[in-house]
Amino acid sequence: PEAQHNLGMLNYQGHGLSQSFSIAKRWFNKSAKQGLRESHYMLGLMFFQGEGSQKSPDRASAHFSTAGKNGDPNALYMLAHMMLSGDAETSYRKPSNRKSPFDFIGFDNQQSNQLIASLSLSLLAAENGQASANELIDFLRSQLDKESVFAAETLSAKCLETEYQTCRIFLN
């Protein structure tokens, strides 16, 4: 799968050949089907940016989530941003009587907050080496009370302890 991913990157970036998002996407799909998290990240990025297809936040979220569950720091960071901006809304939100645009049901059918989920994902991204996540963490901590920050830290710690097997942040 790594060789297929590398061919995807060559086509995506246009190194040594003409840039082709559609060919890159085919190679990334082949590699992603074999479980390579980096290819899921690249597919998520392509769907997020509309490269090689129409923009699709749902498909981007799904690929970022798959890569994130395998510890990809960039995918975790992108999911955190999508959660914060609402771009991940249809993938992560279930219908609820929302009192604010950040309310959603997702963790054990209890009302939760997108900011908590975004902070949890940012913490995981930082733990996995995404240095830019620290700025987002600082911002999110400034927006949340101590109890919410503790909830986010607890969620991310549980993900790490179980190697993402019982990580309630990922709904799919």
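Please refer to the structure placed before this passage.
These figures come from a predicted structure and were not determined experimentally. (Residues numbered from 1 in each chain as written. Predicted model: local features only at pLDDT ≥ 70, side-chain atom pairs only at ≥ 80, totals over all residues. Heavy atoms only, no water.)

Which parts of the structure should I look at to understand helix H3 (residues 37-49)?
Residue pairs spaced three or four apart in an α-helix point in one direction, given the helix's 3.6 residues per turn. Its 13 residues place the ends of H3 18 Å apart at the C-alpha level, agreeing with the 18 Å of an ideal helix rising 1.5 Å per residue. Inspection of H3 places Ser39, His40, Tyr41, Met42, Leu43, Gly44, Leu45, Met46 and Phe47 among the buried residues, and these make up the whole buried set. Glycine 50 occupies a position one or two residues after H3 and carries a positive phi of about 75°. (Helix = DSSP H or I, 4+ residues; strand = E, 2+ residues; numbered from the N terminus. Expected span 1.5 Å × (residues − 1). Buried < 20%, exposed > 50% of the residue type's maximum accessible area, 1.4 Å probe, protein only.)

I tried to follow unusual backbone geometry on my own but got confused; where do I start?
Working note: non-glycine residues mostly have negative phi, and peptide bonds are mostly trans. Unlike most non-glycine residues, glutamate 163 shows phi in positive territory, near 50°. Owing to a relative accessible area of 62%, glutamate 163 belongs among the exposed residues under this scheme. With phi around 70°, tyrosine 164 is a residue other than glycine that occupies positive phi space. Mapped onto the fold, tyrosine 164 is located in the segment after helix H9 (146-161).

I would appreciate a short explanation of the nonpolar core in the present structure.
For soluble globular proteins, the rule of thumb is that nonpolar side chains tend to be buried together. Ranked by size, the top nonpolar core spans 42 residues in total, and within it Phe28, Tyr41, Phe64 and Leu119 carry the most contacts. Of all the secondary structure elements, the ones that give two or more residues to this core are helix H1 (2-13), helix H2 (21-33), H3, helix H4 (57-69), helix H5 (73-85), helix H7 (114-127), helix H8 (133-143) and H9. Here phenylalanine 64 is in contact with His40, Tyr41, Gly44, Leu45, Phe48, Ala75, Met78, Leu79 and Met82, once residues within four sequence places are set aside. (Core = buried A, V, L, I, M, F, W, Y, C linked by side-chain atoms within 4.5 Å. Contact = heavy atoms within 4.5 Å.)

Read these as geometric descriptors, not functional statements.
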